[in-house]
Amino acid sequence: MSEPVGLATARQQGLAPIWAPDARLLLLGSFPSVASLASQQYYGHPRNQFWPLLSALWGQDLRALGYEERLAFARSRGLAIWDVYAACEREGSLDSAIRAAEPNDLLGLAAQMPGLQAVAHNGGESARNIRVTQTLGLPVYRLPSSSPANASWSFERKLAAWREVFARHGLLAP
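From a predicted model like this one, the values you see are computed outputs, not experimental measurements.

S.K.: Sorry if this is basic, but what is going on with the sheet that holds strand β3 (residues 79-83) here?
M.R.: One open sheet accounts for four strands, arranged β3-β2-β6-β7; its pairing is parallel. Sheet topology places β3 and β7 (140-143) at the edges, where each strand pairs with a single neighbour. Taken pair by pair, the neighbouring strands of this sheet meet at an average axis angle of 25 degrees, ignoring direction. Sheet analysis places strand β2 (residues 25-29) next to β3, joined by five bridges and oriented parallel. Counterpart to Leu27 in the pairing with β3 is Ile81. Helix α2 (residues 50-58) rests against β2, β3 and β6 (118-122) of the sheet, and its axis sits at about 165 degrees to β3. In this fold helix α7 (residues 155-168) packs onto β2, β3, β6 and β7, with an angle of close to 155 degrees to the strand it touches most, β7.

S.K.: Please clarify how the packing of aromatic side chains should be interpreted in this entry.
M.R.: Each aromatic ring pair is characterised by the separation of its centres together with the angle its planes make. The final tally for this structure, using the stated rule, is eight aromatic pairs. Measuring from ring centre to ring centre gives 4.9 Å for Phe50 and Trp51, while their planes differ by 85 degrees; the resulting arrangement is edge-to-face. Neither residue differs from the other here; Phe50 and Trp51 are each classed as buried. Arranged with centres 5.9 Å apart and planes meeting at 75 degrees, the rings of Phe50 and Trp162 form a pair that is edge-to-face. Of this pair, Phe50 sits in helix α2 while Trp162 is found in helix α7, placing the two residues 112 residues apart along the sequence. Sitting over the ring of Trp51, Arg70 keeps its end group 5.2 Å from the ring centre.

S.K.: Would you take a moment to explain the packing of α2 against α7 for this structure?
M.R.: Helix packing geometry: the angle between the two helix axes and the distance between the axes. Running from amino to carboxyl end, α2 crosses α7 at an angle of 60 degrees, the nearest separation of the two axes being 10 Å. Here α2 is positioned oblique relative to α7, judged by the angle of their axes. α2 and α7 meet at a crossing whose hand is right-handed. Along its contact with α2, which presents Phe50, Pro52, Leu53, Leu54, Ala56, Leu57 and Trp58, the element α7 presents Phe155, Lys158, Leu159, Trp162, Arg163 and Phe166. Residues of the contact of α2 with α7, tallied by class, amount to eleven nonpolar, no polar and two charged.

S.K.: What exactly am I supposed to notice about the sheet that holds strand β1 (residues 11-13) here?
M.R.: To summarise the sheet geometry, strands pair through backbone hydrogen bonds and adopt either a parallel or an antiparallel arrangement. Taken in spatial order, the three strands make up an open sheet running β1-β4-β5, and their pairing is antiparallel. The open sheet is flanked by β1 and β5 (99-103), the only strands paired with a single partner. Each strand axis lies, on average, 20 degrees off the axis of its neighbour in the sheet, ignoring direction. Sheet topology places β1 next to strand β4 (residues 85-89); three bridges connect them, and they run antiparallel. Looking at β4, one finds that Gln12 is bridged to Cys88.

Thresholds applied
Residues numbered from 1 in each chain as written. Predicted model: local features only at pLDDT ≥ 70, side-chain atom pairs only at ≥ 80, totals over all residues. Heavy atoms only, no water. Pairing = 2+ DSSP bridges. Helix = DSSP H or I, 4+ residues; strand = E, 2+ residues; numbered from the N terminus. Axes fitted to C-alpha atoms, helices over the stretch in contact; angles between N-to-C directions. Contact = heavy atoms within 4.5 Å. Phe/Tyr/Trp six-rings, centres within 6.5 Å; stacked < 30°, edge-to-face > 60°. Buried < 20%, exposed > 50% of the residue type's maximum accessible area, 1.4 Å probe, protein only. Lys NZ or Arg CZ within 6 Å of the ring centre and 35° of its normal. Parallel < 35°, antiparallel > 145°, perpendicular 65-115°, else oblique. Left-handed = near helix turned anticlockwise from the far one by under 90°. Nonpolar A, V, L, I, M, F, W, Y, C, P; charged D, E, K, R; others polar.

This is how it looks when you write it as structure tokens:
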């Protein structure tokens, strides 16, 4: 029996990880937004606070750089970026709409980063996978989501939480 017209949701593929062997912190989102998938860029939605948060932490306007330059800057600071889900079905960009999610091989990626010190989940949906990341035996943090849907946290409050984790693992400028 086929699905009623309009109810079928196409399976979406996520983005490849951004990492280097000397990464100290692996920052995990849930799954790229519609805007991120369309641009093939992490945190591509203009209202997502991910790049502004990193800009404030590092004193460098990353939004003024090209995407590849942003990624190189993040890698040079010891940050790896990925998502907990490799693929899923979802209409729109809300995490609550994610269905039939296929997990990424987080343990496999972590094994390629011998200097990894910690894992941070960017938001609640990502943190639902905390049992997997805890098996690495590293500190695991739940950061407030950088998503525009997380309006209950001010930018300053998010920044303070992110700064604490980044400082603890040597990702801030000296």
